[in-house]
Each structure stands twice: as structure tokens, then as C-alpha cells.
Amino acid sequence: MQFFDKLYTNITQNQSLLFVGLDPNPEMIPSRYRSQDVITGLGDWLQFIIQETADFVCAYKPTLGFYQALGIPGLELLYKTLAAIPSHIPIILDAKHSDLNTSSIFAHTVFAEWHVDAITLSPYTGQDHVAPFLVYPDKAVFILCCTSNPGAETLQQYPANDSPLYLQVVKEAKNWGTPEELALEVGTTNPEVLGLIRAVAPERTIMARSIWAEGSNLKQILEAGLNSNGDGLLIPVPQDMLSNPNLSQEIQSLRAEINQTKSQINADASSCSVWLPDVHFEDQQLQNDLILQLYDIGCIMFGKFVQASGATFPYYIDLRKIISNPQVFNQVLSAYEKIIRNLTFDRLAGIPYGSLPTATGLALRLNCPMVFPRKEVKAHGTRKVIEGNFAPGEIVVVVDDILISGKSVMEGAEKLKSAGLNVHDIVVLIDHEQGVQARLRENGYRSYAVFTISQIVKTLYQAGRINDEQLLAFTES
Ligand SMILES: O=P(O)(O)OC[C@H]1O[C@H](OP(=O)(O)OP(=O)(O)O)[C@H](O)[C@@H]1O
Ligand SMILES: O=C(O)c1cc(=O)[nH]c(=O)[nH]1
């Protein structure tokens, strides 16, 4: 079972967003366990915590450093603690691992030998460091993007408060793994910080830390951190609660308080005007995530741009950048694939140059032969207009990145048709709208798009990527 399936099943079954740290910290051990040998006392305390909380939490989070600090008996205690956790409850190992050289071997140890379900990682060594942890299909990583440690402030806020490093970490980390692989760890006492991160990552699960400072406001934390589905946020059980002999009762009261506040927030935010079935919502989340990633890698630019047609639009879409980001490219191919799998055809064709990599990727995925109409015919060699082998009469699906006027794609399709091929269907990533699909229909083509430009603009606005002025420029164009 995938980590997030396991996590969300447990959230539903235990009706709890709470997770518990399982840390053998000798400084925190309750006095009633102190009379014993240190390791035995810590072990008994951890077993007590598991017994008291297993029905009321969604995950456990042992911190590796506390076990390592106890030497070999500490590692033995870790094995014992992991073994005592009921197998249906996911384990997030808090390791904040960040050593590139040992990533692969460490990932093997924690996932294949210790059988933990997820791990926390520090982001500074980048995607190379995270990738070895993502090759385990049922596991997940939590990227530390923000801590409440006052000493970290100057780094995290760098270079300026309106574009701080921690938000860049979130944007970058989203390119490293899908929402099914990668979540975020956010340590903060400030709901505003949590809200900013949620706006940048509406689709990610967030593990909150350090939220229980004096004077902290649970409602504000939940409002800021829950996703639009009223979910997606893990809340830590306060450390001092774990010493309490009535832990089970304490944790049930906290769970009730969180659930009540969450219901109130969800009720306030709900609207009866639109009903979306779950399955559609899931699809919508994935689509929104891809839109944000396209924006974050610089494919969607706002400002005055002259288009090939000579018209000026308040944006320019440059999808040629996708190929430089394999993770996003992969998701883009999946989005095209969903549409193309429902069509009937013998070959795929890409429109040069922008769509040649996409058509190539799809041809490999679908194991389907590819051709392409040349933009300009060469004065040497074969001087062919259509590259690749084909037989007249075959059906070709044309793939392009964006429809603005439809001119490029129709010119390409006409070249294919004059070579004896049949073209009925055109599939693109983005439909600029303003009648271009109708124009294609008038010329005998069915067209399909993954996104419309207005859907993109709406998503970017809701996620705080574009401001009111940019939205207005778009709606007035
Ligand atoms: O619907 P249209 O008005 O024709 O505009 C869309 C076309 O414009 C872009 O190609 P571009 O001509 O910039 O060439 P390139 O792919 O070679 O960069 C894009 O890749 C589409 O093919
Ligand atoms: O040619 C255009 O008008 C055009 C091409 C493209 O790739 N993106 C865009 O926004 N416009």
C-alpha cells in the first residue's frame, strides 16, 4: 500500500490528524520511568505511549537522532519500537537526512530493512539527494522547508520577506516528486507562514511542527494549513502531553478539539453552488498541481507579449522549457496519454519544433510509430516533407503544445494529408480558447486540450501566483 493511502486510511479510521513523536529523550522521561536502567525506562515509556495512542493517531514519528545518541542499545531500542507499532499505522522516520553520498544506502536501510514508510529530508543538497528515496514506490519523503528555530530566520527569510527562501524551497521541492511521493515538513508558530506555504503547495500534505507555542491559536493554524478539501495537514501531539499518565484521555480530548474546529472551518468554507464528485476532485488536484509546476519552471509568463499572429496578449506560454525538467515532462506526457488512449490511430505526429519531444515521448510510451511534417524542406538529402516511415491511408493523431490561432497545427495536418495520411484528431496541452477549437472543427478536425488558458489563470490566481492586476489584464484581453 502506498504511504499516502496508508496515512489517509488511518486518518479516516482513527478520525485523527494527530501524529506522535516516539523519542527516547532522557531529558523528557517521566519520573515514574526513571528508577529503571535508562534504556529499559525509555523503552517502557515508548511502549506506554504506543499503547495509549494507537487508536487515536494517524502516524508515528521516531526521531533517529535520539536513538543514535544512546549508542548500540539505542539502535536496538529503535528496532523494538518500530516492531511495537501496529502495522497499519504509518511510520515517518525523522532523520532530516541530507548527505548525498549516503542517500542510496541509507534509503535502502530505512525503507527495505527497517520498513519505515516515510522519511524527513533536508532540502539543501537538492533533487539528486531526494531521488534515491523516491525509487521505493510505496514510500514517501517529507522535505523540511521551514523551521521555527529563531536562528534559522536569517536564512529562511533570505533575501526578502516577500520572496523568502523557504517558499523557494517549497516551489523547488514540488518539482522533485509528485504529491503521492513528496510532502512538506513545516515548523512554525506563525499561521501566516503556514498559509503562504499552503498557497504555494495546495496539493501537498503538510506535517506541521512546533505549533504549540504559548498563545498559539489552533483555529488559525488549521485555517492556514488545511487544504481546500479540509484535509492534508498533520498535527503533532505536544511533547509534554506524552509524560501524562492519562495520555489516552488527553489525546482524545485534543483530537475532539481539532475535529470540532476543523468541521467548523469546513462548514464556513463550504458552498452549495457547485458539487464535484470525489473522483473529479482528485483529477482536478493533479491538474492544478501540474499548472503550478508549469508556472514554477517558467513556462507561463505574464506581461505584454507579441504573438506570432502580431497580436499582443498579456501572457506568453513557452512550453519548450518542459523538456528540461524530466519530472514535469513525465506528468505532461501522462496528461496527453489520458486523452490519446481513447482515440483510434496508426501513428503519432508532432508539430516542429516545440512538440517533437512530446510526440517522441508519447510514441515511446504508447509503443506507437511516429512521423513529423517538416517546417522547412531541405535542399539536400531526401528533401522529404514528412519524416519517418508510413503507408498512405493510415490514421495519424497530431500532437502540438498550444493552440493560439490553430494555423501551425492545421498547416502540419495539411502536409500529412497531402502525403496520403488521414488526420481527424489534434491533441494539445493548452487551448488558448477564443474560438480556436471551433475554427479547427470548421476545417474538419476534432481537437482536445489538457488545459484551457482560463483554467490556468484561475488556478494561478487562487494559488497566489498571480496578482489582481495580472488577473485583470487577462480577463480584459
Ligand atoms: O496556433 P498558432 O497561432 O499556430 O500558435 C501555436 C504554435 O506556435 C508555437 O510554435 P512556433 O511557431 O513558435 O514554433 P516552434 O515550435 O518551432 O518554436 C507553438 O509550438 C504552436 O505550434
Ligand atoms: O506563436 C504564438 O503566438 C505563441 C506561441 C507559443 O508557443 N506560445 C504563445 O503563447 N504564443
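Our structure is the block above this text.
Keep in mind that this is a model prediction, so the values were computed, not measured. (Residues numbered from 1 in each chain as written. Chains lettered and ligands numbered in written order. Predicted model: local features only at pLDDT ≥ 70, side-chain atom pairs only at ≥ 80, totals over all residues.)

Residues and numbers for the overall build of the chain, please.
Check the secondary structure of the chain and you find 18 helices and 16 strands. Counting only residues that meet the buried cut, the chain has 38% of its 477 residues in that class. When contacts within the chain are restricted to residue pairs at least 6 apart in sequence, those whose partners lie at least 24 apart make up 66%. (Helix = DSSP H or I, 4+ residues; strand = E, 2+ residues; numbered from the N terminus. Buried ≥ 20, exposed ≤ 12 C-beta atoms within 10 Å, placed from the backbone. Contact = placed C-beta atoms within 7 Å.)

Please give an account of the packing of helix H8 (residues 165-174) against helix H9 (residues 191-200) that cites residues and values.
It is the contact of H8 with H9, at a shortest axis distance of 10 Å, that shows an interaxial angle of 30 degrees. The orientation of H8 relative to H9 falls into the category roughly parallel. Between H8 and H9 the crossing geometry is right-handed. Contacts between H8 and H9 involve Leu167, Val170 and Lys171 on the former and, on the latter, Leu196, Ile197 and Val200. Across the contact of H8 with H9, the residue classes tally to 5 nonpolar, no polar and 1 charged. (Axes fitted to C-alpha atoms, helices over the stretch in contact; angles between N-to-C directions. Parallel < 35°, antiparallel > 145°, perpendicular 65-115°, else oblique. Left-handed = near helix turned anticlockwise from the far one by under 90°. Nonpolar A, V, L, I, M, F, W, Y, C, P; charged D, E, K, R; others polar.)

Describe in detail unusual backbone geometry, supporting the description with residues and values.
The omega torsion across tyrosine 158 and proline 159 is -5 degrees, close enough to zero to call that bond cis. Checked against the element boundaries, proline 159 lands in the loop between helix H7 (153-156) and H8. The omega torsion across proline 352 and tyrosine 353 is -10 degrees, close enough to zero to call that bond cis. You can see tyrosine 353 is positioned in the loop between strand S11 (347-350) and helix H14 (356-366). For lysine 96, which is not glycine, the phi torsion reads 45 degrees and is therefore positive.

Can you tell me about the sheet that holds strand S6 (residues 182-187), naming the residues and giving the values?
Across the sheet, which stays open at both edges, the 8 strands sit in the order S2-S1-S8-S7-S6-S5-S4-S3 with parallel pairing between neighbours. Taken across any chain shown, the strands that pair with only one partner, and hence form the sheet edges, are strand S2 (59-61) and strand S3 (92-97). Sheet twist, expressed as the mean angle between neighbouring strand axes with direction ignored, is 30 degrees. Looking at chain direction, strand S7 (residues 206-209) and strand S8 (residues 233-236) are connected through 2 bridges and run parallel. Its bridge partner being in S8, methionine 207 is matched across the sheet by leucine 234. Along the sheet face, helix H6 (residues 127-134) touches strand S4 (118-121) and strand S5 (140-146) and points at about 175 degrees away from the line of S4. (Pairing = 2+ DSSP bridges.)

Would you mind going over the packing of helix H13 (residues 326-340) against H14 in detail, with residue names and values included?
The contact between H13 and H14 brings their axes to 10 Å, and the two run at 65 degrees. Taken together, H13 and H14 sit at an angle that is classed as roughly perpendicular. With respect to the hand of their crossing, H13 and H14 are arranged in right-handed fashion. For the pair H13 and H14, the contacting residues are Phe329, Leu333, Tyr336, Glu337 and Ile340 in the first and Thr358, Gly361, Leu362, Arg365 and Leu366 in the second.

Give a description of the nonpolar core that names residues and reports values.
Core analysis: the biggest nonpolar cluster contains 72 residues, and Leu18, Val141, Cys145, Val170, Leu184, Ile197 and Ala208 have the highest contact counts within it. Counting residues in hydrophobic clusters, the runner-up holds 52 residues, among them Leu292, Val328, Leu333 and Ala349. (Core = buried A, V, L, I, M, F, W, Y, C linked by C-beta atoms within 7 Å.)

Could you give an account of helix H17 (residues 453-462), naming the residues involved and the relevant values?
All buried positions along H17 are accounted for by Ile453, Ile456, Val457, Thr459 and Leu460. Down the axis of H17, the sector holding all buried residues measures 165 degrees, keeping them to one side. At the C-terminal side of H17, glycine 464 shows a positive phi close to 75 degrees. (Arc of directions from axis to C-beta.)

A description of the environment of glycine 303 should follow, citing residues and the corresponding values.
The topology assignment puts glycine 303 in strand S9 (residues 300-306). Exposure remark for glycine 303: the 10 C-beta atoms within 10 Å place this residue in the exposed category. For the pair glycine 303 and glutamine 470, spaced 167 residues apart in sequence, the C-alpha to C-alpha distance is 7.8 Å.

Residue-level account of the site of ligand 1, with values.
As a structural note, the neighbourhood of ligand 1 is formed by 15 residues, with Tyr353, Gly354, Ile404, Ser405 and Ser408 the closest of them. For the shell around ligand 1, the secondary-structure elements that each account for two or more residues are strand S14 (395-403) and helix H15 (407-418). Sorting elements by how many residues they give to the shell around ligand 1 places S14 first, with 4 residues. Partitioning the shell around ligand 1 into residue classes produces 7 nonpolar, 5 polar and 3 charged. (Near = placed C-beta within 6 Å.)

Hey, could you go over H6 for me, with residue numbers and the actual values?
When H6 is considered as a whole, its buried residues turn out to be His129, Val130 and Phe133. In an axial view of H6, the angular spread of the buried residues amounts to 90 degrees, which keeps them on one side of the axis. Buried residues along H6 sit against helix H5 (103-113), S4 and S5.

No statement about biological role is implied by the geometric values presented.
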